Amino acid sequence: MRVLIASKNRHKIKEIGEKLKTLGIEFCSLLDFDVPEAPETGTTFLENVYQKSSFYAEKLNVPVLSDDSGLVVEALDGLPGVHSSRFAGSKATDRENLMKLIRLLKEKGLSESPASFVCFMMITFPDKKGLWSEGVLKGKVIVEPRGGRGFGYDPIFVPEGDTRTLAEYSTDEKNRISHRGRALDKIINLLMERVR
Ligand code: ITT
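Residues numbered from 1 in each chain as written. Predicted model: local features only at pLDDT ≥ 70, side-chain atom pairs only at ≥ 80, totals over all residues. Heavy atoms only, no water.

### Looking at the environment of Arg 103
- Locating Arg 103 in the fold gives a position in helix α3 (residues 94-107).
- When its relative accessible area of 41% is taken as the criterion, Arg 103 is described as partly exposed.
- Measuring from C-alpha to C-alpha, the distance between Arg 103 and Gly 24 comes to 44 Å, with 79 residues separating the pair along the chain. (Helix = DSSP H or I, 4+ residues; strand = E, 2+ residues; numbered from the N terminus. Buried < 20%, exposed > 50% of the residue type's maximum accessible area, 1.4 Å probe, protein only.)

If you want it as structure tokens, here you go:
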């Protein structure tokens, strides 16, 4: 089976692709195709994965694995949430998004807040049937970024039970506990049940 990973984010493609490879599942990504971007206008992660998956499955006629993920910060009433990648504007860099989050926390006089990384995944088949899963990583965000690995908000996210930020984890270590890793394990189990 060959699955299209519906993402152009190289970090995500690497994290998801490495796992699929170990299971002998071939994959390609949106970096290999010249297709228009799917709408991503939902107000929930689940709506967004559904929109993305069904759009590309219909256009390209292959099984499509899409994910939507983001950071949910308690002190900011759940922000940036579904807006995580565009928090500081439509073309914002990871650094700009992260600096905006730090500024909002500091404006509230906070140096940290409980937070979770959330990931929803969906595989849609060309016959439009689909499978979905959810993964959560609990922890806190801090206002002093640390570490040079990972991407996005990793330098300010400290997983529960640790003092290091996710940007101080190796890729393997992060994959084992991350929201995306958990959602991926669950959806792969569902996929294996379906093809068995
Ligand atoms: P695609 O839509 O092409 O997949 P994207 O980066 O826009 O790429 P999302 O819409 O899922 O992906 O946005 C997720 C954003 O949430 C991402 O850009 C980061 O800012 C943040 N995020 C998600 N997972 C993360 C992780 O493991 N570490 C750090 N930040 C993460």
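Now, onward.
### Structural notes on the site of the ligand
- Surveying the vicinity of the ligand reveals 19 residues, the closest of which are Ser 7, Lys 12, Asp 154, Lys 174 and Arg 180.
- For the ligand, an oxygen atom lies 3.3 Å from a polar atom in the side chain of Asp 68.
- Spatially, the ligand is embedded in the largest pocket.
- Looking at the shell around the ligand, the elements with two or more residues in it are β3 (64-73) and α5 (179-195).
- Here the shell around the ligand gets three residues from one element, more than from any other, and that element is β3. (Near = heavy atom within 4 Å. Polar contact = N/O pair within 3.5 Å; in protein donor to acceptor, adjacent residues only side chain to side chain. 1 Å grid on protein atoms, 1.4 Å probe; cavity = no way out; pocket = protein on both sides within 12 Å on 5 of 7 lines; lining within 4 Å. Sits in = over half its atoms within 2 Å of the grid points.)

### Observations concerning helix α1 (residues 10-22)
- Counted at 1.5 Å a residue, the expected span for α1 with its 13 residues is 18 Å, and the 18 Å between its end C-alpha atoms agrees.
- Within the sequence span of α1, burial applies to Lys 12, Ile 13, Glu 15, Ile 16, Gly 17 and Leu 20.
- Buried residues in α1 make contact with β1 (2-5), β2 (26-29), β3, β4 (112-124), α4 (171-177) and α5.
- Of the residues flanking the start of α1, the one acting as N-cap is Asn 9, its side-chain oxygen 3.0 Å from the backbone nitrogen of His 11.
- Note on α1: the residue one or two positions beyond its end, Gly 24, has a positive phi of about 75°. (Expected span 1.5 Å × (residues − 1). Contact = heavy atoms within 4.5 Å.)

### Some details on the packing of aromatic side chains
- Tallying each qualifying case throughout the model produces four aromatic pairs.
- Relative to Tyr 56, the ring of Phe 55 lies with its centre 5.1 Å away and its plane at 90°, an arrangement referred to as edge-to-face. Grouping residues by exposure puts Phe 55 and Tyr 56 together as buried.
- One aromatic cluster is present, built from ring pairs that chain together Phe 45, Phe 120 and Trp 132.
- Sitting over the ring of Phe 87, Lys 100 keeps its end group 4.4 Å from the ring centre. (Phe/Tyr/Trp six-rings, centres within 6.5 Å; stacked < 30°, edge-to-face > 60°. Lys NZ or Arg CZ within 6 Å of the ring centre and 35° of its normal.)

### Considerations on the sheet that holds β4
- Reading across from one edge, β2-β1-β3-β4-β5-β6 is the order of the six strands in this open sheet, with mixed pairing throughout. Strands at the two margins of the open sheet, each flanked by one partner only, are β2 and β6 (157-159). The average angle at which neighbouring strand axes cross in this sheet is 35°, direction not considered.
- Direction of pairing for β1 relative to β2: parallel, over a ladder of four bridges. Bridge assignment links Leu 4 to a residue of β2, and that residue is Cys 28.
- Strands in contact with α1 are β1, β2, β3 and β4; relative to β2, the strand with the most contacts, it is inclined by about 165°.
- The sheet contacts of α5 involve β3, β4 and β5 (130-142), and relative to β5 the element is tilted by about 165°. (Pairing = 2+ DSSP bridges. Axes fitted to C-alpha atoms, helices over the stretch in contact; angles between N-to-C directions.)

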